[in-house]
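Spelled out from the first residue to the last, the chains are:
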Amino acid sequence: MKKTIQRGLFTGALVLLTAMTSKPAHAAVNYQALVDADVKKFQGYFLKEFPGVKLEDFGDGVYALDEDSRKQWKEMEEFPPYELDVEAGKALFNKPFANGKSLGSCFSNGGAVRGMYPYFDEKRKEVITLEMAINECRVANGEKPYAPKKGDIARVSAYIASISRGQKIDVKVKSKAAYDAYMKGKEMFYAKRGQLNMSCSGCHMEYSGRHLRAEIISPALGHTTHFPVFRSKWGEIGTLHRRYAGCNENIGAKPFPAQSKEYRDLEFFQTVMSNGLKFNGPASRK
Amino acid sequence: MKKVLSLLSLLLLTPSASLLLAEPTAAPAVSSPLIDQAEAARKEADALGYEWRDTGALIQSAKDALQKGQQAESDKLASQALFQARAATAQGQYMAKNWKMMIPKN
């Protein structure tokens, strides 16, 4: 009898001890802390690589690295080639739909919402980008969506970016689903692909600041701050996902469609990496 | 005589007219074992998200060559596509396991 009581007490103590020391199955993981550690490493890489460049200047892309290029760019920005697109974007933003509403009815703050995108929608379990939100607003109001790479989508996005200049990037990763999307974007950024077996990071981290023929390769830090851009090569304004597709083609990989999950996750990751910088789009680039 | 002539011309025109008016039939499926292999491999690479840029175009060119009766050229193009698709799949499988090794350290 005594032995039975002793055994019972021992087992009870063991169960209690296990319960006290082990983590509960639902223990909350601090995903934001994991991501913040990544941001610190990522930004630290560039600050070490380019010791003369301040963190906030990485939003200027390659023009933060090379003084001559910066002077030329500054001159170009005096009469920016995207100015007419911004004006057109403003008109499109305020133009009434057939139902009498407009894009303006979908966005708060008079449309100065660049700083709210991209974000992870916890209900839909996916990343929502600004261009996606613009097109979803149109569809919800019975209009056709814009083509996703250039033209009106880029013009409206440019207008929204222009009235949002100076908004701080502060993308949050709060849940496992958001972290999964972030990790998918991270994988997309670091994994090598295509016939040339190259990755985003290969060019825009390891080779950033070096020459590719006559051009200097831009740093990945700050990549998402200034889109949409008017590229001299395009001769027009285009979206970030258009640029992603161009990069993928350049390395011999089949590009994903603009606003695909792959590119939205990549944009999510890249924007998180620029947390602390300011949105400064639209911009002109070579 | 007039009736006979018009009947004759009707008879002559009927087959050609029916040919002209007929619904255009879909082009016959062009394929070879090599093209089929390349297409299956391309789909595998695509499912991984690692398809290369030119693989689909190579397969299409192989089909075009086959349609023109250029069997050897078609096989050559399909073989290139097959090689690309297999390499892309291997790349995708490797990267899925090892992408974290690609993160630069400084």
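Placed above this text is the structure.
On a predicted model such as this, the values are computed, not experimentally measured, just so you know. (Residues numbered from 1 in each chain as written. Chains lettered and ligands numbered in written order. Predicted model: local features only at pLDDT ≥ 70, side-chain atom pairs only at ≥ 80, totals over all residues. Heavy atoms only, no water.)

All names here are of chain A. Applying the stated criterion across every chain yields a total of one disulfide over all chains. Here cysteine 106 pairs with cysteine 137 through a disulfide, and the sulfurs are 2.0 Å apart. Torsion about the S-S bond of the cysteine 106 and cysteine 137 cystine: about 80°, corresponding to right-handed handedness. Taken as a pair, cysteine 106 in the loop between helix H4 (83–94) and strand S1 (119–121) and cysteine 137 in helix H5 (residues 130–140) lie far apart in primary sequence, 31 residues in all. Given the relative accessible area of 4%, cysteine 137 is considered buried. In this model cysteine 200 remains outside any disulfide bridge; the closest cysteine sulfur is found in cysteine 247, 6.9 Å from its own. Given the relative accessible area of 28%, cysteine 247 is considered partly exposed. (Disulfide = S-S within 2.5 Å. Helix = DSSP H or I, 4+ residues; strand = E, 2+ residues; numbered from the N terminus. Buried < 20%, exposed > 50% of the residue type's maximum accessible area, 1.4 Å probe, protein only.)

Turning to the pattern of salt bridges, a few remarks are in order. Residue and element names in this part refer to chain A. All told, the structure shown has 22 salt bridges over all chains when counted by the stated rule. Residues glutamate 187 and lysine 184 are paired through a salt bridge, measuring 3.9 Å at the closest nitrogen-oxygen approach. Of this pair, glutamate 187 and lysine 184 both sit in helix H7 (residues 176–190), three residues apart, which is roughly one turn of the helix. (Salt bridge = Lys/Arg side-chain N within 4 Å of Asp/Glu carboxyl O.)

All names here are of chain A. Among the nonpolar cores identified, the biggest contains 47 residues, and Phe42, Phe46, Val173 and Tyr182 are the most heavily contacted of them. Elements supplying a minimum of two residues to this core: helix H2 (31–49), H7, helix H9 (240–250) and helix H10 (261–273). The greatest single-element share of this core, amounting to eight residues, is contributed by H7. If we ignore the near neighbours within four places in the chain, the residues touching valine 173 are Tyr31, Gln32, Val35, Ala178, Tyr179, Tyr182, Phe268 and Val272. (Core = buried A, V, L, I, M, F, W, Y, C linked by side-chain atoms within 4.5 Å. Contact = heavy atoms within 4.5 Å.)

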